[in-house]
Number of protein chains: 2
Amino acid sequence: MRVIVGLKEMLAWANKMRQQGHRIGFVPTMGYLHDGHFSLIERARQVDDIVVCSIFVNPAQFGPQEDFGRYPRDLARDESLTEKAGVDILFCPRAEDIYPDGFKTRVSVESLSGKLCGRDRPGHFGGVTTIVAKLFNLVKPHNAYFGQKDAQQFVIIRQMVEDLNFDIQLHMLPIIREKDGLALSSRNKYLNDSERKAALVLSRAIKQARGLFERGIRTAEEILAGAEAEIAKEKLARLDYLALVDMASLEAVKVIAGAPVLLAMAIRIGGVRLIDNTIFNEENLWKTTWN
Amino acid sequence: MRVIVGLKEMLAWANKMRQQGHRIGFVPTMGYLHDGHFSLIERARQVDDIVVCSIFVNPAQFGPQEDFGRYPRDLARDESLTEKAGVDILFCPRAEDIYPDGFKTRVSVESLSGKLCGRDRPGHFGGVTTIVAKLFNLVKPHNAYFGQKDAQQFVIIRQMVEDLNFDIQLHMLPIIREKDGLALSSRNKYLNDSERKAALVLSRAIKQARGLFERGIRTAEEILAGAEAEIAKEKLARLDYLALVDMASLEAVKVIAGAPVLLAMAIRIGGVRLIDNTIFNEENLWKTTWN
């Protein structure tokens, strides 16, 4: 595995690989890698013959009151794990190269970026789309891999890729969970024992909602009430949002029909913000609005 | 010469050319081509072995009160002239493919886009940067060519290309003028005989300013006063703006020192808006802030 820091080196390498006819798979991350990330790397290894993983804790997607400073970082560990996972290039650009003095450009998908997590985190998704556009131009991948854990992020990046005609195939892979149901996240590290236990309320709320759906219930009112009641049982959790939305437009739906619908939620436990989600009619995801 | 309309066909062709090792030169235009455009095509033919010219009258860069509807179009003429000029691909995408239903993304270079022409044309440069980002992704050029006539546009596109790490070399070529000094523009077609004569006030103002500069005058106050007095002589012309700005930041300068400085102006004659400019210390343009 080769570690690349410089932008020009990354670009030169990407051009060389493309000229040699290689297919480049790309897994962009903020590091502190867990099995969710490794499921993306594994899929990339199956699909592409070259795998690039980037690690960049992107200051532009953190709000001033957020956890940029304390976001967990362990590059030595990530380097060792990505090498074992079969990554070819670990791309770790410097913040001062990514955002040099005088940086002025922003890529935004406005109507999707203000919803759900975007309401609590103004500017967050504009920071995400801008860095992803930059990384796409530097890495020049054929395929890029994202986790469903950040479903809204994927919806927004997909819209950007379609709108700006990026010649990149996107892949969204399932949420990876601990045995007890907690979705993997680098932020789980922030939780103490009682908070870690309380965080299970997310997967319990999703289980509750999926149970209602499997028993034939289709109205947003009933499904949201079921999930909300589950969350209310956990006194340590404060609900940021809970929403049932169309998977393409992120607009609220009243009834789940045949189109893919996202149940998404964010809670706070102590100072930690956690998200989770599930997709109903996922089997129609790639057939209908997505292809 | 091949005419391509479909986006997927353009992309497939660009990928094929790149795989074959060709160098792609790109001249994006809104059509109704004149010798300014052909100077760009000619340079592209010298530098690259494949030349793509696009024609797309971009609705997103016109304001609601502007001339999108009546902007001159003559595709048959453009097709014949580009073929003679040695263009390999004439790319003429459809508006409904470029901006399909549900299009949501915007690329913006905010702090530069509100200045000069951007003050009179809110949203204009956001429309420009968004379409240029799209065309770059579809055509995948190694080099792209723009005219100095739209100097602010070039400054903004250059900032976008640097900020988003587009792997494209940009070229700005000199303004091409009629024998009497009028800068070539597709919009000159709007002018009747007396307006056409009045439009010469632009190049006269520039000549006046350059004369002052050559006589050693370096203060913005004196140079702007000289140009403004020239414009004031023409009763048919109404001044939109006249500014002396740093070529990289587009911020007003008080004194012309060694860095490249842009004298830019826009006037209205009847219902027609015309722009022109000149660059002082142009010899330092590619050595200092630009490279």
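In case you missed it, the structure is sitting above this.
Residues numbered from 1 in each chain as written. Chains lettered and ligands numbered in written order. Predicted model: local features only at pLDDT ≥ 70, side-chain atom pairs only at ≥ 80, totals over all residues. Heavy atoms only, no water.

J.: Explain the pairing of strand S2 (residues 24–29) of chain A residue by residue, including any values.
T.: All names here are of chain A. Burial runs high along S2: 6 of the 6 residues are buried. Inspection of the sheet shows S2 paired to strand S3 (residues 50–55) by 6 bridges, in the parallel sense. Bridge pairing in S3 links Val 27 to Cys 53. Chirality of the crossover, the property in question, places the unit of S2, helix H2 (residues 35–47) and S3 among those that are right-handed. (Buried < 20%, exposed > 50% of the residue type's maximum accessible area, 1.4 Å probe, protein only. Helix = DSSP H or I, 4+ residues; strand = E, 2+ residues; numbered from the N terminus. Pairing = 2+ DSSP bridges. Right-handed = clockwise from strand over helix to strand, strands pointing away.)

J.: Requested: an account of the interface of chain B and chain A, with residues and values cited.
T.: Every contact between the two is made by 28 residues of chain B and, on the other side, 28 residues of chain A. Overall, the association of chain B and chain A removes approximately 2300 Å² of surface from exposure, summing both partners, and the carbon and sulfur fraction of that is 47%. Our count for the contact surface shared by chain B and chain A stands at 2 salt bridges. Lys 140 of chain A serves as the salt-bridge partner of Asp 167 of chain B, at 2.7 Å between the closest nitrogen and oxygen. Applying the counting rule to chain B against chain A returns 18 residue pairs in polar contact (both at pLDDT 80 or more). The set of elements that each furnish at least two residues to the side of chain B that touches chain A consists of helix H1 (7–19), strand S5 (105–109), helix H5 (110–113), helix H7 (124–139) and helix H8 (151–163) of chain B. When its residues are assigned to classes, the side of chain B that touches chain A shows 11 nonpolar, 9 polar and 8 charged. Sheet analysis places strand S5 (residues 105–109) of chain A next to S5 of chain B, joined by 5 bridges and oriented antiparallel. Bridge assignment links Arg 106 of chain A to a residue of S5 of chain B, and that residue is Ser 108 of chain B. (Contact = heavy atoms within 4.5 Å. Buried area = accessible area lost by both parts, 1.4 Å probe. Salt bridge = Lys/Arg side-chain N within 4 Å of Asp/Glu carboxyl O. Polar contact = N/O pair within 3.5 Å; in protein donor to acceptor, adjacent residues only side chain to side chain. Nonpolar A, V, L, I, M, F, W, Y, C, P; charged D, E, K, R; others polar.)

J.: Before we move on, can you summarise the sheet that holds strand S3 (residues 50–55) of chain B with the specific residues and values?
T.: Residues and elements named next belong to chain B. On the basis of which strands lie adjacent, the open sheet formed by 6 strands has the order S1-S4-S3-S2-S6-S7 and parallel pairing. Where the open sheet ends on each side, the last strands, each with one partner, are strand S1 (2–4) and strand S7 (169–173). Ignoring strand direction, the axes of neighbouring strands in this sheet form an average angle of 25 degrees. For S3 and strand S4 (residues 89–91), the ladder comprises 3 bridges, and the chain directions are parallel. Bridge assignment links Ser 54 to a residue of S4, and that residue is Phe 91. Its contacts with the sheet place helix H2 (residues 35–47) against strand S2 (24–29), S3, strand S6 (143–147) and S7, and it is angled at close to 155 degrees to S6. Strands S1, S3 and S4 of the sheet are contacted by helix H3 (residues 75–85), whose axis makes an angle of about 170 degrees with S3. (Axes fitted to C-alpha atoms, helices over the stretch in contact; angles between N-to-C directions.)

J.: Can you explain the pattern of salt bridges? Please cite residues and give values.
T.: Counted under the stated rule, the structure contains 32 salt bridges over all chains. Arg 196 of chain B is the salt-bridge partner of Asp 180 of chain B, the closest N and O atoms lying 2.9 Å from each other. Remark: Arg 196 of chain B occurs in helix H9 (residues 193–198) and Asp 180 of chain B occurs in the loop between S7 and H9; sequence separation between them is 16 residues. For Arg 196 of chain B, a relative accessible area of 24% gives the class partly exposed. Among the ionic contacts, a cluster of salt bridges with common partners joins Asp 120, Asp 240, Arg 268 and Arg 273 of chain A.

J.: Can you explain the packing of helix H1 (residues 7–19) of chain A against helix H7 (residues 124–139) of chain A? Please cite residues and give values.
T.: Residues and elements named next belong to chain A. Packing of H1 against H7 brings their axes to within 7 Å, and their N-to-C directions diverge by 55 degrees. It follows from the interaxial angle that H1 and H7 lie oblique. Contact with H1, carried on its side by Leu 7, Met 10, Leu 11 and Ala 14, involves Asn 137, Leu 138 and Val 139 of H7 and no other residues of that element. Here the contact of H1 with H7 is built from residues that sort into 6 nonpolar, 1 polar and no charged. (Parallel < 35°, antiparallel > 145°, perpendicular 65-115°, else oblique.)

J.: Talk me through unusual backbone geometry; I want residue IDs and the actual numbers.
T.: With a phi close to 60 degrees, Asn 281 of chain A is a non-glycine residue in the positive phi region. Summarising the element assignment, Asn 281 of chain A is placed in the segment after strand S10 (272–280). Residue classification places Asn 281 of chain A among the buried residues on the basis of a relative accessible area of 9%. Of note, Asn 165 of chain B is a non-glycine position whose phi angle comes to about 60 degrees, a positive value.

J.: Describe the nonpolar core, listing the residues and the values that go with them.
T.: Grouped together as the largest cluster of nonpolar side chains are 108 residues, with contacts concentrated most on Val 52, Phe 91, Phe 136 and Met 160 of chain A together with Phe 91, Phe 136 and Met 160 of chain B. Setting aside its immediate chain neighbours within four residues, Phe 91 of chain A contacts Ile 4, Val 5, Gly 6, Leu 7, Met 10, Val 52, Cys 53, Ser 54, Ile 55, Leu 135, Leu 138 and Val 139 of chain A. One finds Ala 227, Ile 231, Val 261 and Leu 263 of chain A within the second-largest nonpolar core, a separate group that totals 35 residues. (Core = buried A, V, L, I, M, F, W, Y, C linked by side-chain atoms within 4.5 Å.)

J.: I'd love a proper account of the relation of the copies chain B and chain A, names of residues and values included.
T.: Mapping chain B onto chain A is achieved by rotating through 180 degrees and translating by 0.0 Å along the same axis, at an RMSD of 0.0 Å. What we have between these two chains is a two-fold relation. Ranked by how close their C-alpha atoms come to the rotation axis, the residues of chain B are headed by Val 107 of chain B, at 2.2 Å. Both copies present the same face, since 100% of the interface residues in chain B are matched by interface residues at the equivalent positions in chain A. (Least-squares fit on C-alpha atoms with pLDDT ≥ 70 in both.)

J.: Any chance you could break down the sheet that holds S10 of chain A for me, citing the residues and the numbers?
T.: All names here are of chain A. Read from one edge of the open sheet, 3 strands run S8-S9-S10, paired in antiparallel fashion. Where the open sheet ends on each side, the last strands, each with one partner, are strand S8 (237–246) and S10. The sheet shows a mean angle of 15 degrees between the axes of neighbouring strands, taken without regard to direction. Bridging between strand S9 (residues 261–269) and S10 involves 9 bridges; their strand directions are antiparallel. Paired with Ala 264 across the strands is Asn 277, a residue of S10. On top of the sheet, helix H10 (residues 201–214) reaches S8, S9 and S10; it is set at about 20 degrees to S10, its chief contact.

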